[in-house]
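# Examination of the molecular architecture
This is what each chain is made of:
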Amino acid sequence: MSNRQQTILITGGAGFIGSNLADRLAREGCRVIVFDKLARKGVEDNLRWLQQRHGQAIVPVVADLSDRDTLWDAVSQADAAFHFAAQVAVTTSMIDPREDFRVNAQGTLELLEALRAQPREIPLVFASTNKVYGDLGDIGMALGQHGHGPTDPDLAANGVSEARPLDFHTPYGCSKGAADQYVLDYARSFGLPAAVLRMSCIYGHRQMGTEDQGWVAHFAIRALEDEPITLYGDGEQVRDLLDVDDAVAAYLAAWRNIDAVRGNAFNLGGGPRNAVRLRDVILHLEAMLGRSVTVRHADWRPGDQRWFVADTRAIDSALDLPEKTAWRDGVASLLRWLSDYRSAGTSRGGVGAPQRQAAAS
């Protein structure tokens, strides 16, 4: 790495993971271009928080990826790019597949073309999703004490690996899957230094979860408000949870080791040690709050996986990643942050007040 200040482009940089990554990069002395159209709830607060903390090190660019001139100008300044800008909800993709495609697939292609046109190599790390593997309907599943899980003992022990065939379900799965494959093919066809991280359930500070996306924070917010939580399906679904600090560490490691991982896709999640059923997350929230949470049920949603746990051995080995935060500690930290954030009141300029606290013992 050069001693000069590096400029890093983060599309979707005011979002949940993007803002955490921007904060980390700015703390390390980088100039960060936060490219975001500020369409999601809470992202303006995240951008304000970044500017309060880092001043001129944060360069906001409020634009859509379809704004070609603005995008190409941002790319021309960058030493590396992280691509988080996306339509992120399966439910939204079912309502408006065309817009979902425009944002996720076409937007990624616009970024790839801007990177390809530069006279120098600019590394790219792309945020993909475990939804590229479909609903895993071909895997034998059984319902046990700890929720749904595969009957294959190796799969149960290690999770889904990158060798799993792609199987796009729902328009969201198709659009993100297409973007995923375009990034890998630009690495193959044009030599772009790019890698793909297929994320499982990331949670943590600055996550403004909704019913459609960011379910861990959504559960925590509903519990804090003493409002009912709706479980779609039986609530026995199992997911592997990854704290956002661990996700940020993986993205930085992928960039800094791009020559070793270029052209590859990796599964990024909490792995088997952080696999938990949805009901157990609610039980954990109840224990922390000291009261029960009302739970309602609704029908299964399209493409919902009864079980997904990422096999993280490939990325852990390739990037020498540290041990992941235990999900109970991370969720406790998120609950405290959300409580502080909501108490501060975004309309009173308190969005920067809550900071990361030590995890619960």
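What you see is a predicted model; the values in this text were computed from it and never measured.

### Re helix H11 (residues 278-289)
Between the first and last C-alpha of H11 there are 17 Å, a value that for 12 residues agrees with the 16 Å anticipated at 1.5 Å per step. Lining the buried residues of H11 we find helix H8 (215-224), strand S10 (229-232), strand S11 (238-243), strand S13 (275-277), strand S14 (295-298) and helix H13 (327-344). Phi for glycine 290, located one or two positions after H11, is positive at around 75°.

### Notes on the sheet that holds strand S3 (residues 58-61)
One open sheet accounts for seven strands, arranged S3-S2-S1-S4-S5-S8-S12; its pairing is parallel. Only two strands of the sheet have a single neighbouring strand rather than two, namely S3 and strand S12 (265-268). In this sheet, neighbouring strand axes are inclined to one another by 20° on average, regardless of whether the strands run parallel or antiparallel. As defined by bridge partners, strand S4 (residues 80-83) adjoins strand S5 (residues 124-129) across three bridges and the pair is classed as parallel. Pairing of histidine 83 across the sheet is with phenylalanine 126, part of S5. Relative to the sheet, helix H5 (residues 97-116) contacts strand S1 (7-11), S4 and S5, its axis offset from that of S5 by approximately 165°. Sheet contacts for helix H7 (residues 170-190): S5, strand S8 (194-199) and S12; angle to S5, the most-contacted strand, approximately 150°.

### Some points on the UniProt feature "domain: NAD-dependent epimerase/dehydratase" (unreviewed entry) in the protein chain
What UniProt calls "domain: NAD-dependent epimerase/dehydratase" (unreviewed entry) maps, in this numbering, to residues 8-269. Across residues 8-269, helical content stands at 44% and strand content at 21%; the span's end C-alpha atoms are separated by 24 Å.

### Observations concerning the packing of H8 against H13
Between H8 and H13, the shortest axis-to-axis distance is 10 Å and the interhelical angle comes to 55°. Overall, the two elements H8 and H13 adopt an arrangement that is oblique. Seen from above, H8 lies across H13 with right-handed handedness. Facing H8, whose interface residues are Val216, Ala217, Ala220, Ile221 and Leu224, H13 presents Val331, Leu334, Leu335, Leu338, Ser339 and Arg342. In terms of residue class, the contact of H8 with H13 is built from nine nonpolar, one polar and one charged.

### Brief notes about the nonpolar core
Ranked by internal contacts, the top residues of the largest apolar core, which has 44 residues, are Ile10, Leu25, Val32, Phe82, Tyr251 and Leu268. Per element, the largest residue contribution to this core is nine residues, and it comes from helix H9 (residues 244-256). Each residue touching phenylalanine 82, except ones within four places of it in the same chain, is listed here: Ile8, Leu9, Ile10, Thr11, Leu21, Leu25, Val125, Tyr251, Leu252 and Trp255. The next biggest cluster of nonpolar side chains, apart from the first, holds 27 residues, and it includes Phe35, Ala74, Ala78 and Ala265.

What counts, and at which threshold
Residues numbered from 1 in each chain as written. Predicted model: local features only at pLDDT ≥ 70, side-chain atom pairs only at ≥ 80, totals over all residues. Heavy atoms only, no water. Helix = DSSP H or I, 4+ residues; strand = E, 2+ residues; numbered from the N terminus. Expected span 1.5 Å × (residues − 1). Contact = heavy atoms within 4.5 Å. Pairing = 2+ DSSP bridges. Axes fitted to C-alpha atoms, helices over the stretch in contact; angles between N-to-C directions. UniProt positions renumbered as here; feature names shortened; annotations may be inferred. Parallel < 35°, antiparallel > 145°, perpendicular 65-115°, else oblique. Left-handed = near helix turned anticlockwise from the far one by under 90°. Nonpolar A, V, L, I, M, F, W, Y, C, P; charged D, E, K, R; others polar. Core = buried A, V, L, I, M, F, W, Y, C linked by side-chain atoms within 4.5 Å. Buried < 20%, exposed > 50% of the residue type's maximum accessible area, 1.4 Å probe, protein only.

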